[in-house]
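# Coordinates in review
Residue strings, one per chain:
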Amino acid sequence: MSMTPSSTSCTITPHEFLLEGKDERARTGVLLIHGLTGTPNEMRVLARGLNRQGFTVYAVQLAGHCGTQDDLVNTGWEDWLASVIAGADRLAARVDRIVVGGLSMGAVLSLALAQRRPDLISGVLALSTTFRHDGWSMPPHTRLAFILPVFRALGIGRNRMFLEQPPYGIKDEALRARVVDQMNSGDSSEAGLPGNPWWCVIEMQALSRSVLKNLSAIQAPCLVMHARHDDIASVSNAYAIVKGVRNAPVELLLLDNSYHMITIDRDRRTVIAKAADFIASLTEGQPVRAGGTH
């Protein structure tokens, strides 16, 4: 569904999607942000779940994504954040308030948006936040990612990537098999690229440093959800938000039956229900607990 010219400076891309809400909750917009090398499609299960609760949901496409590896390498974290800001402005023309939510690097971009546009954001959903690729399935060579800027300065590694490793962020084996088939199909608009380009990891590191340094600037309540046994990003990434966001309520929910992709894995119904309750609490007068941990 395209947004009308009167409500936005441009129409949404073919890979983005907008789900219109209903009744009073339609005036609350949820902006969803996918992860590095991902696509808006990875947010579809969560989007549909929140839309069934009445909220208007818009899944944005990050610059350089849903295309080739070269398309992605030609962009940087400021371009990705610009996509998010533009999406937020488009959604703001249709709703009264916005809650932003993202998965993995999308969660980092959600926090960045809350820092850049505190006037616009009523709440943040930080899902499997990835400041660092430090999960248990990460191969040893990923620990050397800090030297990648040197490689880029020397013009080395533009076409190299860290390939995804089993279990690919998914605990459910049947679902994992389907997603891996999509990743290997060659259509990056469905399940994203099969790995993280070296130069894009450099940009993600720069984004993470910027967001971590400014967590205290966030004024919107945050719901942080993370798998205890996340294979891509350890739970320490979630605790960094709890520690760093000092001027807004933060609730942390740890999940026991998923890996990194909590929006589609075995805890997805819990994620949807908890996110819907959080959004409702921001708009319907329900209390938001500060610093709650489960």
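Now for a description of the structure that goes with this document. Position numbers for residues start from 1 in each chain and track the written sequence from start to end. Given that the model is predicted, a residue must reach a pLDDT of at least 70 before its local features are reported, and side-chain atom pairs must reach 80 or more before they are shown or counted; all residues, however, enter totals for whole chains, interfaces and linings. Side-chain numbers come from the whole structure's heavy atoms, not from hydrogens or water.

### Some details on the packing of aromatic side chains
Pairs were defined over the aromatic rings of Phe, Tyr and Trp, the Trp ring being its six-membered one, requiring ring centres within 6.5 Å. Orientation was assigned from the angle between planes: stacked under 30 degrees, edge-to-face over 60, tilted for the rest. Applying the stated rule across the entire model yields 1 aromatic pair. Residues Trp136 and Tyr259 carry aromatic rings whose centres are separated by 5.4 Å and whose planes lie at 75° to one another, so their mutual orientation is edge-to-face. Within this pair, whereas Trp136 is found in the loop between β5 (121-127) and α5 (148-153), its partner Tyr259 is found in the loop between β9 (250-255) and α10 (268-283), the two being separated by 123 residues in sequence. Consider the ring centre and the ring normal. A charge sits over the ring if Lys NZ or Arg CZ is within 6 Å of that centre and within 35 degrees of that normal. The ring of Phe17 is capped by Arg44, whose NZ or CZ atom sits 4.0 Å from the centre of that ring. Segments assigned H or I by DSSP are reported as helices when at least four residues long, segments assigned E as strands when at least two residues long, and all are numbered from the N terminus.

### Some remarks on the pattern of salt bridges
Where charged atoms of side chains with opposite charge meet at close range, the side chains can pair. When a carboxyl oxygen of Asp or Glu lies within 4 Å of a side-chain nitrogen of Lys or Arg, that pair is called a salt bridge. With the rule as written, the count across this model stands at 9 salt bridges. With its nearest N and O atoms 2.2 Å apart, the salt bridge here joins Glu20 to Arg94. Of the two residues, Glu20 is situated in the loop between β1 (17-19) and β2 (28-33) and Arg94 in the loop between α3 (77-92) and β4 (97-103); the sequence distance between them amounts to 74 residues. Several salt bridges share partner residues, and in doing so they unite Asp89, Arg117 and Asp119 into one network.

### Overview of helix α9 (residues 236-244)
Structural remark: α-helix, 3.6 residues per turn; residues separated by three or four positions point the same way. Note on exposure labels: buried denotes an accessible area under 20% of the residue type's maximum, exposed denotes more than 50%, and partly exposed covers the range between, all computed with a 1.4 Å probe on protein chains only. Considered for burial, the residues of α9 that qualify are Asn237, Ala238, Ala240, Ile241 and Gly244. The arc enclosing the buried residues of α9, seen along the axis, measures out at 150°, which places them on a common side. A contact between two residues is defined here by any heavy atoms of the two lying within 4.5 Å. Where α9 is buried, its residues meet α4 (105-116), β5, α8 (198-213), β8 (222-227) and β9. Along the arc lie the directions from the helix axis toward the C-beta atoms.

### Digging into the nonpolar core
Counting 58 residues, the largest nonpolar core has Leu31, Trp80, Leu109, Leu111 and Ile121 as the members making the most contacts within it. Broken down by element, the residue count for this core peaks at 9 residues, all from α8. Among buried residues, those of type Ala, Val, Leu, Ile, Met, Phe, Trp, Tyr and Cys that are joined through side-chain atoms within 4.5 Å constitute a nonpolar core. Among the nonpolar cores identified, the runner-up in size contains 33 residues, and Leu32, Leu46, Met183 and Leu253 belong to it.

### Observations concerning the environment of Arg160
Here Arg160 shows up in the loop between α5 and β6 (161-163). Filtering out sequence-adjacent residues up to four positions away, Arg160 remains in contact with Gln69, Pro197 and Trp198.

### Focus: the packing of helix α1 (residues 44-52) against α10
Between N-to-C directions, angles cover 0 to 180 degrees, with each direction set by a line fitted to C-alpha atoms, over the stretch in contact for helices. The N-to-C vectors of α1 and α10 enclose an angle of 45°; their axes lie 9 Å apart at closest approach. The orientation of α1 with respect to α10, classified from their angle, is oblique. For the element pair α1 and α10, the recorded crossing hand is right-handed. Across the interface between the two elements, Val45, Leu46, Gly49 and Leu50 from α1 touch Arg268, Val271, Ile272, Ala275, Ala276 and Ile279 from α10. Note that Gly is not counted as nonpolar here; it falls among the polar residues with everything else outside the nonpolar set of Ala, Val, Leu, Ile, Met, Phe, Trp, Tyr, Cys and Pro and the charged set of Asp, Glu, Lys and Arg. Of the residues in the contact of α1 with α10, the class split is 8 nonpolar, 1 polar and 1 charged. Orientation labels follow simple angle bins: below 35 degrees gives roughly parallel, above 145 gives roughly antiparallel, 65 to 115 gives roughly perpendicular, and whatever is left gives oblique. A clockwise turn of the near helix away from the far one marks a right-handed crossing, whereas an anticlockwise turn of less than a right angle marks a left-handed crossing.

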